[in-house]
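Each chain, written out:
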Amino acid sequence: MERLDKVLSNLGYGSRKEIKLLMKNGEVEVDGEVIKDSSIKVDPEKSIIKVSGEEINYREYIYIMMNKPAGVVSATFDNYDETVVDLLDYEDSVFNPFPVGRLDKDTEGLLLITNDGVLNHRLTSPKWHVDKLYYADIDKPLGEEDIKAFEKGIVLDDGYKCLPAKLEIISSSEDGSEVKVTIQEGKYHQVKRMFESLEKNVIYLKRMRMGNLILDENLDLGEYRELSEKELLELKDMLEMG
Ligand code: URA
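Per an unreviewed UniProt entry, the protein is named Pseudouridine synthase, and its organism is Clostridium brassicae. Under the heading Sequence similarities (unreviewed entry), UniProt records this for the protein: "Belongs to the pseudouridine synthase RsuA family."

Below, the structure is given as structure tokens:
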């Protein structure tokens, strides 16, 4: 059971004070009864709560897929830069969601933003070996020896040996190459540092997939939507969150 004013303020209906006023004006109903006492406790999963005649859509968690644009940071707060959370509408940001893992400021693509701590932990923990697929443009040609180096496990500048990773070359010429890279870890700047170890540079990076969650091609940069029920079920299934 939770306080009714807390439930409503968490859903974005205003501050506690504003909600008190709404209730005083008889705008809030619980199971068909007008409630004027804002401290009353309710079970939001079971009770039918209406505000100004409209039934509220109660949930504890929010799961957002964003096509992150370059230039914003994967954080909830930053002193200098715009964050991915700044791009959310008020009714979504009231859930206090945070980005799952980090994409660099200049990296684009799939970013999950949620307030579900368990899902966050499992998706980012190396223990669960979740594949992350990136598309990248590289400044130099690549060949079979680079694919082998990724398979073997690339040693980064700090001596860390990466888990075996998959490099697929889409095109390669003297002007540069287009590739897909699949890794299971999420070390700081990992993809960029893997290529740097091979004396090549990533000039564009976009995450396309995390486990079975695929970036929706209909989302423009900076746009987002909630995960569908199917996407969420499949994601939880993969992470054994049954
Ligand atoms: N690897 C990187 O180098 N940067 C990212 O943003 C993600 C993976």
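### Some points on the pairing of strand β9 (residues 108-114)
Counting buried residues in β9 gives 7 out of 7 residues, a clear majority hidden from the surface. Strand direction decides the pairing type here: strand β8 (residues 98-99) and β9, joined by 2 bridges, are antiparallel. Within β9, the residue paired with P99 across the bridge is I113. Looking at chain direction, β9 and strand β13 (residues 202-210) are connected through 2 bridges and run parallel. Bridge assignment links E108 to a residue of β13, and that residue is K206.

### So, the site of the ligand
Taken together, L103, D104, T107, Y134, H189, Q190, V191, K192 and L205 make up all the residues around the ligand. For the ligand, an oxygen atom lies 3.2 Å from a polar atom in the backbone of H189. V191 places a polar main-chain atom, nitrogen or oxygen, 3.1 Å from a nitrogen atom of the ligand. Per element, the largest residue contribution to the shell around the ligand is 3 residues, and it comes from helix α6 (residues 190-197). Mapped onto the domain boundaries, the shell around the ligand takes at least three residues apiece from domain 2 (63-126 + 215-238) and domain 3 (131-210).

Analysis parameters
Residues numbered from 1 in each chain as written. Predicted model: local features only at pLDDT ≥ 70, side-chain atom pairs only at ≥ 80, totals over all residues. Heavy atoms only, no water. UniProt positions renumbered as here; feature names shortened; annotations may be inferred. Buried < 20%, exposed > 50% of the residue type's maximum accessible area, 1.4 Å probe, protein only. Helix = DSSP H or I, 4+ residues; strand = E, 2+ residues; numbered from the N terminus. Pairing = 2+ DSSP bridges. Near = heavy atom within 4 Å. Polar contact = N/O pair within 3.5 Å; in protein donor to acceptor, adjacent residues only side chain to side chain. Domains from an automatic or database assignment.

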